[in-house]
Number of protein chains: 2
Amino acid sequence: MTRSVLSPYVSPWHRKPNMRRYGPPVKRTTPADSKLVTDLAALLRSIPLRDGMTLGFHHHLRNGDWVLNMVLDTAASLGFRNLTIASSSFFPVHAPLVEHIKNGVVTGLDTDYMTGPVAEAVSRGLLKEAVAMHSHGGRARALECGELRVDIAFIAASAADERGNLSGLEGPSAFGSLGYAFSDAEFADVVVGVTDTLLPYPLIPASIPQHRVDFVLKVDSIGDPKGIVSGTTRITRDPVGLVIAKNAARAVAASGLVKDGFSFQTGAGGASLAVAHFLGQHMAKEGITGSFLMGGITGYLVDLLEKGLFTSILDVQGFDLEALRSLKSNPRHVEVGASQYANPLNSGCIVNALDCVILGATEIDTDFNVNVSTGSTGAIMGGSGGHADAAAGAKMTVIVTNLLRARLPIVRDRVTTRTTPGDTVDVLVTERGIAVSPARPELAERFKEAGLKVRDIHDLKKLAESMAGTPKPVAKGEKTVALVEYRDGTLIDEIKQVKD
Amino acid sequence: MTRSVLSPYVSPWHRKPNMRRYGPPVKRTTPADSKLVTDLAALLRSIPLRDGMTLGFHHHLRNGDWVLNMVLDTAASLGFRNLTIASSSFFPVHAPLVEHIKNGVVTGLDTDYMTGPVAEAVSRGLLKEAVAMHSHGGRARALECGELRVDIAFIAASAADERGNLSGLEGPSAFGSLGYAFSDAEFADVVVGVTDTLLPYPLIPASIPQHRVDFVLKVDSIGDPKGIVSGTTRITRDPVGLVIAKNAARAVAASGLVKDGFSFQTGAGGASLAVAHFLGQHMAKEGITGSFLMGGITGYLVDLLEKGLFTSILDVQGFDLEALRSLKSNPRHVEVGASQYANPLNSGCIVNALDCVILGATEIDTDFNVNVSTGSTGAIMGGSGGHADAAAGAKMTVIVTNLLRARLPIVRDRVTTRTTPGDTVDVLVTERGIAVSPARPELAERFKEAGLKVRDIHDLKKLAESMAGTPKPVAKGEKTVALVEYRDGTLIDEIKQVKD
């Protein structure tokens, strides 16, 4: 897949689409046709896979995923080359991909998030072509608009039936919501469900329906359950983190947004979860019932639903066994797809209905731009995921972070990489005070009235630098190793090669 | 919408598609956008509706539907002309459409089924252009392939939220599954949800998701509950009908198909329901558990699910309050869309998994072609609905009918209109014997072994004629008033104007 030149980012809602939704080929399936296959090599030959194609994957198996490696090892052994891998995330488990890049089997990557050896290799300039990095909503948009064309999508499913109904709820590798794969199923030219657990037809409930799945590949195991879901997710125990979380919860409570019908998203980080916890206590005390919870779902959010503090959970991705249990058993906990969650270019996504989102940051600058893509060395160690999406949709976007991390100031003059634009960020909460975007003076007033310590973001930057010194700008190489696409498909930043 | 010339029907799986799925325009929706409107006229002007456009509707409100008339009355009052109405069915309640045709507001129709004044007016040649008549699966195919292009779809929903999540389960006009509208939501250029019941966001469960709905039109009432669902559906009490049903159930039992995992579809006609009833008794006695039930869902099928005789119901349309109750409360009773149900040109529809379907007939000929489109005068009084779809998918298609109806033989040399081709029909069960297609000699053998009266279909024809005389061929006019499309989009028959 060759990428055309991207227009530069202007503002969150600048791009007005003038195009039609991508149309994959129309298929024909007779009662005599069978989708069930067990030989991956034979399947790749018969589809057929060809040099230069783009293969799609989802990341719901996280660091327990064996499907991506399995497909690429087989493709490599068959001699295929020049493949582009479009996966919603890459994790350390995908280390074998580095060898496939070195050998020319893989020459392009497209993703929303990456950590581990693949991210390190990309940062060092291993790939000739820059990696395309989307937000989760932006990936759905790119598929829907035909700007990311997937020739063959491999959709790992913890259970399937022989006619292609797919689910993440059953089987030894159960992971919960299959939401990020919905767009792959809808827009890839060929769709292959990959499962280790075949259940009788019809599989109910199915997350992806049979009429969009061309093959069902039965394998011994799709992954390692230990890497897929954690047993429990925990709120932070770090005292500084708890101070930040308490301040953030007080700020949210003071914002005027927390009333009946309040909607809330938080990431699965320890500090973000702690905010949810404290906010839940506030809502219980005040007798407030929120509407929906969104985000990577954990037991903490399930708890808020089960206590009746929120009416529903909209689940595009679950992180722990509690999230899985709830999705399977609670009719008010429902699965949603990536486009419905966060695509800016459809008839209305869920983040547009968000009152408040709590997000983390690797860096934030005095214009409130946030970096969650690169670390202190300039190497890729993350990506937007849903960060830029939720920030653009929510009425109030709150960044929670320590003022210093690993002895480095988090507040900067300019972020190393702009993942989420400052136009969509409203509040920064640190252990030493709260900064509010100049675009939202009314929030600053409310926080002050509530007795919160509101400070100019430049003062927070100076304070951090007085403790840890002014960080030197990262020395960057010339080569662009990744293009950071804003959710609407414009170019918001470029990531340069790390200089050794 | 102008229709291009259709290729003639050849055989059930002759057509191999070489095209891409239709792509409606990509939209953009910001958090500030609102979809909720209450003024239909203002909405039509703002979309904007234009002369010559095609408007889509679904028929889940059946003879209680007020939405189609409401939209057309408003369009007419605004002076729009030359509209094509693509509705999955027309019922007697749509009589006002006749005036809109006479006045030039409506000049084209596209449907799967019609009865009442609209069907009569079409049969008399009121429209200049022939009506396109699909099967239910064929309509989904036509939308998906861009062969039926809907400019604006109006999707009646018994409940909605302000962001466009739509449902048929709640509210005073609840009707159950919204399955036939799924394709309209996916492929119409503009989608308008029409409801009389707004519920808090997020509406759960939603049948059609917010990100495919552009407007939510709130009206006082979408229909008359008395015309929407019947309180109960009943099996036939006619002694002859019961004989036919018992014979059909015995034939199905003798077919070899009824074993664990057996899947079954039946229409909502009294004789078909009676077959389901007797077959259930057989399965209970033999300790057989089937897999899925399909078709227009009634309390009789719900009863089979609740008795544990089948594992699931796949519901594209519900007919009575029991079907509604079950869909709302039983996790093994799930909603499916029209493409998933019966579209031959996707990656595999549910009818392909059917073991047996029981269907009715207005006429059947000695080549086993079936007419459910036109009555004894040649006037349109029906249409395929799912008839041709289920017949093509099922391993065994059984037609149940009296040998005579209104003193006319049902078995003919040649059906007046070919709705479902004889290539896809296996068995005819009448009160005077069972005829088996020459393509299925093994079934005839099994039926004989089971002591059933198997007769040549020509003998059944002669028997009927000996009792009621040979029916005169219907005198037909020159003008073609409807094109009967087979489910794959080929032309299987034409319906000529009725001669007065």
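In short, a report on the structure. As a convention, each chain's residues are numbered from 1 in the sequence order in which they are written. Chain labels run from A onward and ligand labels from 1 onward, assigned in the order the entries are written. With pLDDT at 70 or above as the cut-off, local features in this predicted model cover only qualifying residues; side-chain atom pairs require 80 or more to be listed or tallied, and sums for whole chains, interfaces and linings still use all residues. Only hydrogens and water are removed before side-chain values are computed, so all heavy atoms of the structure are retained for them.

**Concerning the overall build of chain A**
By definition, any uninterrupted DSSP run of H or I lasting at least four residues is a helix, any uninterrupted run of E lasting at least two residues is a strand, and each is numbered from the N terminus. Helix and strand counts for chain A stand at 15 helices and 27 strands. C-alpha atoms define the radius of gyration in this analysis, and the globule rule sets the expected value at 2.2 Å times the number of residues to the power 0.38. Taken over C-alpha atoms, the radius of gyration comes to 22 Å for chain A, in line with the 23 Å a tight globule of 500 residues would show. Structurally, chain A occupies a C-alpha span of about 70 × 55 × 45 Å along its principal axes. Whether a residue is buried, partly exposed or exposed follows from its accessible area with a 1.4 Å probe, protein chains only, as a fraction of its type maximum: under 20%, in between, or over 50%, in that order. Here chain A holds 500 residues, and 64% of them are scored as buried. Residue contacts follow a heavy-atom distance rule, with two residues in contact if any of their heavy atoms lie within 4.5 Å. Within chain A, contacts between residues at least 6 apart in sequence are counted, and of these 73% link residues at least 24 apart. Charge assignment in this entry is limited to Lys and Arg as positive and Asp and Glu as negative, and neither His nor the chain termini are counted. The location of each charge is read from NZ of Lys, CZ of Arg, CG of Asp or CD of Glu. Of the charged side chains in chain A, 52 are positive and 53 negative; the average position of the first set lies 3 Å away from that of the second.

**Digging into the packing of aromatic side chains**
All names here are of chain A. A pair of aromatic rings is counted whenever rings of Phe, Tyr or Trp (Trp by its six-membered ring) have centres within 6.5 Å, and the orientation is called stacked for planes under 30 degrees apart, edge-to-face for over 60 and tilted otherwise. Tallied over the entire structure, the rule returns twelve aromatic pairs over all chains. Relative to F310, the ring of F262 has its centre 6.2 Å away and its plane inclined at 45°; by these criteria the two rings are tilted. Of this pair, F262 sits in the loop between helix 8 (239–254) and strand 11 (264–266) while F310 sits in strand 14 (residues 310–315), and the two are 48 residues apart along the sequence. Note on accessibility: F262 and F310 belong to one class, buried.

**What to know about the layout of surface pockets**
Over the atoms a probe the size of a water molecule is rolled, and this reveals where empty space is left. The volume enclosed by the second largest pocket comes to roughly 1,200 Å³. In the scheme used here, Gly and all other residues not listed as nonpolar or charged are polar, with Ala, Val, Leu, Ile, Met, Phe, Trp, Tyr, Cys and Pro taken as nonpolar and Asp, Glu, Lys and Arg as charged. Looking at the lining of the second largest pocket residue by residue, the class counts come to 17 nonpolar, 29 polar and four charged. Here a cavity denotes a set of grid points, spaced 1 Å apart and computed over the protein atoms alone, in which a 1.4 Å probe fits but from which it cannot get out, and a pocket denotes an open set meeting protein on both sides within 12 Å along at least five of seven lines; residues with an atom within 4 Å of a point are reported as lining. Grid points are joined across faces, edges and corners, and a volume is the space filled by probe spheres set on the points.

**Concerning the sheet that holds strand 23 (residues 411–412) of chain B**
Residue and element names in this part refer to chain B. Spatially, the three strands line up as an open sheet ordered 19-18-23, and their pairing is mixed. Of all the strands in the sheet, the pair left with one neighbour each is strand 19 (370–371) and strand 23. Looking at chain direction, strand 18 (residues 363–365) and strand 19 are connected through two bridges and run antiparallel. In the sheet register, E363 faces strand 19, and the bridge partner there is N371. Should DSSP find at least two bridges between two strands, the strands are taken to pair.

**Things to note about the relation of the copies chain A and chain B**
The copies were overlaid with a least-squares fit restricted to C-alpha atoms from residues scoring a pLDDT of at least 70 in each copy. Between chain A and chain B, the superposition needs a rotation of 180° and an axial shift of 0.0 Å, giving an RMSD of 0.0 Å. Between the two chains, the operation in question is that of a two-fold axis. Closest approach to the rotation axis among the C-alpha atoms of chain A is made by G23(A), whose C-alpha sits 2.7 Å away.

**Observations concerning the interface of chain A and chain B**
Between chain A and chain B, the residue contacts involve 56 residues of the former and 56 residues of the latter. When a carboxyl oxygen of Asp or Glu is within 4 Å of a side-chain nitrogen of Lys or Arg, the pair counts as a salt bridge. Across the chain A-chain B interface, the total number found is six salt bridges. One salt bridge connects R20(A) with D189(B), and the closest N-O pair in it is separated by 3.8 Å. Pairs of N or O atoms within 3.5 Å make up the polar contacts considered here, provided that, within protein, one atom can donate a hydrogen while the other can accept it, and that residues adjacent in sequence are counted only when both atoms are side-chain atoms. At the surface where chain A touches chain B, the tally comes to 38 residue pairs in polar contact (both at pLDDT 80 or more).

**Description of the pairing of strand 26 (residues 476–485) of chain A**
All names here are of chain A. Most of strand 26 sits inside the fold, with seven of its ten residues counted as buried. Where strand 5 (residues 131–133) lies against strand 26, three bridges are found, and the strand directions are parallel. Directly across from A132, in strand 26, lies its bridge partner L483. Taking the residues between adjacent antiparallel strands as the criterion, strand 26 and strand 27 (residues 491–498) are bridged by five residues, where G489 takes a positive phi near 95°.

What is shown is where atoms sit, not what they do.
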